[in-house]
Amino acid sequence: MTGQLAVRAVTGGLGRGPRGQLTTLWSGADRCPIPRCGNEIDPSRLMCRAHWYRVPKELRDRVWATWRSGDGAFSGDHRQAVHTAVVAVLTTVGNIPG
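Because the structure is predicted, anything quoted here is derived from the model rather than measured.

### Quick notes on the nonpolar core
Then comes step 1: Judged by nonpolar contacts, the single largest core of 13 residues is most densely connected at Cys-32, Ile-34, Met-47 and Val-55.
Then comes step 2: Here this core gets 4 residues from one element, more than from any other, and that element is helix H4 (residues 76-92).

Listed below in structure tokens is the structure:
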């Protein structure tokens, strides 16, 4: 039980993202990957805040769950989750920047 409480205290719960300082695995991206957006982003972020919150919560949770504090960053599951999140933004906003 203590181990489960510790995980929830650090991450906010399974698939709910981290709390506090984020681990950065530099991807080379310093701009939101959504075409025509161009907003600067921290290297620890997938996309700008405006676009991130256009990703359905279920998909955001999947991105965090597959990230696993950086351990899953290059896994097939995480790459698929990231791809699905970007596609979701492109289809829901019609490729219109934030």
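### Things to note about helix H3 (residues 57-67)
Then comes step 1: For H3, the full list of buried residues reads Arg-60, Val-63, Thr-66 and Trp-67. Buried residues of H3 fall within an arc of 135° about the axis and therefore sit on the same side.
Then comes step 2: Along its buried surface, H3 packs onto helix H2 (49-52) and H4.
Then comes step 3: Following H3 by one or two positions, Arg-68 adopts a phi angle in the positive range, close to 50°.

### With respect to H4
Then comes step 1: Here H4 contains 17 residues, and its C-alpha end-to-end distance of 24 Å stays within 8% of the 24 Å for a straight helix at 1.5 Å per residue.
Then comes step 2: Listed as buried for H4 are His-78, Ala-81, Ala-85, Val-86, Ala-88 and Val-89. With its buried residues spanning 155° around the axis, H4 presents them on a single face. Exposed and oriented more than 90 degrees from the buried face of H4 are Arg-79 and Thr-91.
Then comes step 3: The elements touched by buried residues of H4 are H2 and H3.

What counts and what doesn't
- Residues numbered from 1 in each chain as written.
- Predicted model: local features only at pLDDT ≥ 70, side-chain atom pairs only at ≥ 80, totals over all residues.
- Heavy atoms only, no water.
- Core = buried A, V, L, I, M, F, W, Y, C linked by side-chain atoms within 4.5 Å.
- Buried < 20%, exposed > 50% of the residue type's maximum accessible area, 1.4 Å probe, protein only.
- Helix = DSSP H or I, 4+ residues; strand = E, 2+ residues; numbered from the N terminus.
- Arc of directions from axis to C-beta.
- Contact = heavy atoms within 4.5 Å.
- Expected span 1.5 Å × (residues − 1).

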